[in-house]
Amino acid sequence: MNDINTNSKNKVKVDGILKGFPFSNPPLEEDLYKCVHCGFCLQACPTYVQTGLETESPRGRIALMKGVIEGRLTMNNDVIDHWDMCIQCRACEDVCPSGVPYGNLIEKTMSQVSESRKTSILTKGVNWLLLRRILADQIILSGLVGTMRIYQKTGMHKLVSVLKVLHLIPGNLGSLHDSMPRLSDKFFSADGQTYHPFGEPKKTVGLLSGCIMPLINGPEMRSAIRVLTRNGVKVIVPKEQGCCGAIHSHVGDLVKARDMARRNIDAFLSKDIDAVLSSSAGCSTRMKEYGELLKDDEVYIDKAKQLESKVKDINEFLYELPIDPPKGRLESSVTYQDPCHLAHTQKIRSQPRELLKLIPGLNLIEMRNSDRCCGAGGTYVITQHQMSLNLMDDKMKTVEETGAQIVTTGNPGCWMQMNQGAQKTNMPVQVKYVTDLLDQSYRAERIENETETESISINESAWEEERLELRSQWEKRAGDRRKRRDR
Ligand code: SF4
Ligand code: SF4
């Protein structure tokens, strides 16, 4: 257990707001005291449902924050452990009748924790390297994940898992190693490329590539782009963009989260676009809240609000467009897992379902507790491994109950977690994004129309990818030529 710095000399007092939190920008009293202890949020909270403990509930965690602010409690490890256990799924915020902004409260609380936690120099170094260098720099991250891909492809990963050598080391390194997601054969990268629809574009969008998603979901990101261009949307992928900052906020590193937000604001506002899209629920939520994150930044606050107004989850955007209903039949059953950051924070529930219902032959079966967290969530899989596994097991049981052949979602964390769950339980269920199925149906439609064979469909899809890739390379080279000419 880590020790923390509770040196009272560090405590700052700001009129009626702060008594016990040691740093500036603590959770606000006006938000905290909106909680009237009614308990409506308890059954929505996955950690309360798992443990039955008040201290692992939203109400309990808020009471601990109040205890610290009022000076009745010290922010020691016994208190911090309960905040650490919170997944930040914000299911509680969604059901709270008093409008307690729990997401904001826990984010500010974790920022206090992050600044005061006493850790070894080694842990500090690893955190700095991971959060500030690797996650913030897509070239370094791609290099690292590329090495992991070689490790997976050469069979080393399987061998180490079978020999269980890492399980001899204390901690959960062995389990984390075994749950490494399948890495994309071909990463997606933000190179400043543009994807054009046939004909005049109906809309032009900027696509957030993100940090982890392009490395594990390269093919899925290309599927999403094909669905957009098929529906007359021009897609620009700015090179200057970076990680949205959600993982940094999750662990309380708001300084770096703000840096990442400013970078994305500059990258997207410099383009002439109608919307900024993300296929990741966690990223679109973070970007929709850049205004709150940068509210004390005089230079960026207006730009942050301008960007926020353009951000859309890809399902939300496709539903509103609206898309041409695909005609290719997919004779399958499917269920939908609501990502917490779509359902609870963005209130996007019906749009992905309506898109699935457009696909002929696809039978949508609702699952029980579809909006209960699957146990993924920033670094939660690593820091609270056992709780994350318990939630994953529960989620896979509810998927199994539906008997569906496919489970869809809209967030890379959920996608990885359910893939891991399916692998662990040998469940014959495929995990997909809604846009994967739309893409599949559009492709099937072409085959049905042209009465082509399966082998042609594979060749055509390869050709389509090749075409998009060649076009983006061509655009890039043309851009470089223009820059050279302008110089
Ligand atoms: S957070 Fe909201 S729902 Fe939960 S106890 Fe407080 S007021 Fe009630
Ligand atoms: S954010 Fe999720 S895990 Fe945390 S208190 Fe709220 S419901 Fe519980």
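Presented here is an overview of the structure given in this document.

The rules we used
- Residues numbered from 1 in each chain as written.
- Chains lettered and ligands numbered in written order.
- Predicted model: local features only at pLDDT ≥ 70, side-chain atom pairs only at ≥ 80, totals over all residues.
- Helix = DSSP H or I, 4+ residues; strand = E, 2+ residues; numbered from the N terminus.
- Buried ≥ 20, exposed ≤ 12 C-beta atoms within 10 Å, placed from the backbone.
- Contact = placed C-beta atoms within 7 Å.
- Expected span 1.5 Å × (residues − 1).
- Near = placed C-beta within 6 Å.
- Nonpolar A, V, L, I, M, F, W, Y, C, P; charged D, E, K, R; others polar.
- Pairing = 2+ DSSP bridges.
- Axes fitted to C-alpha atoms, helices over the stretch in contact; angles between N-to-C directions.

**Examining the overall build of the chain**
On a plain count of helices and strands, the chain comes out with 25 helices and eleven strands. Evaluated residue by residue, the chain yields a buried proportion of 43% over its 487 residues. In the chain, the proportion of contacts linking residues at least 24 apart, taken out of those at least 6 apart, comes to 78%.

**Some details on helix α7 (residues 121–134)**
The end-to-end C-alpha separation of α7 is 18 Å, in line with the 20 Å expected for 14 residues at 1.5 Å each. Within α7, only zero of the 14 residues are buried, which leaves it mostly out in the open.

**Thoughts on the site of ligand 2**
Taken together, 14 residues lie near ligand 2, and Cys 45, Pro 58, Cys 86, Cys 89 and Cys 92 sit nearest. Secondary structure elements with two or more residues in the shell around ligand 2: α2 (46–51), α3 (58–69) and α5 (91–95). For the shell around ligand 2, a count of residues per class yields ten nonpolar, two polar and two charged.

**Describing the sheet that holds strand β3 (residues 194–195)**
Judged by pairing direction, the sheet is mixed, and its five strands sit side by side in the order β3-β5-β4-β6-β7 without closing on themselves. The sheet is open, and its two borders are formed by β3 and β7 (311–313), each paired with just one other strand.

**Re the site of ligand 1**
Every one of the 14 residues lining ligand 1 counts as a neighbour, but Cys 35, Cys 38, Cys 41, Arg 59 and Cys 96 are closest to it. In terms of residues, the shell around ligand 1 owes the most to one element, α3, which gives three residues.

**Points about the environment of Ile 273**
Within the element layout of this structure, Ile 273 appears in the loop between α14 (254–269) and β6 (275–278). Judged by local crowding, Ile 273 falls into the partly exposed class, with 19 C-beta atoms found within 10 Å. Spatially, the C-alpha atoms of Ile 273 and Gly 206 are 6.3 Å apart, while their sequence positions differ by 67 residues. Other than its neighbours up to four places away in sequence, Ile 273 contacts Thr 204, Val 205, Gly 206, Ile 236 and Phe 268.

**As for the sheet that holds strand β11 (residues 430–433)**
Read from one edge of the open sheet, four strands run β9-β8-β10-β11, paired in parallel fashion. Edge positions in the open sheet fall to β9 (362–364) and β11, since each of these has one partner strand only. Here the average twist between neighbouring strands, direction ignored, is 35 degrees.

**So, unusual backbone geometry**
Here the bond from Leu 321 into Pro 322 is cis, since omega is -10 degrees, no more than 30 degrees from zero. Relative to the helices and strands, Pro 322 is located in the loop between α18 (314–320) and β8 (332–336). A positive phi angle, near 60 degrees, is found at His 37, a position not held by glycine. Note on His 37: 9 C-beta atoms within 10 Å, which makes it exposed.

**Remarks on the pairing of β6**
Regular strands place side chains that alternate from one sheet face to the opposite one. Burial along β6 is two-sided: Ala 275 and Leu 277 and Val 276 and Ser 278, pointing in opposite directions, are all buried. Sheet topology note: the strand β4 (residues 203–207)/β6 ladder contains three bridges and is parallel. By the bridge assignment, Val 205 is partnered in β6 with Ala 275. Pairing between β6 and β7: three bridges, direction parallel. Opposite Ser 278, over in β7, you have Asp 313 as the bridge partner.

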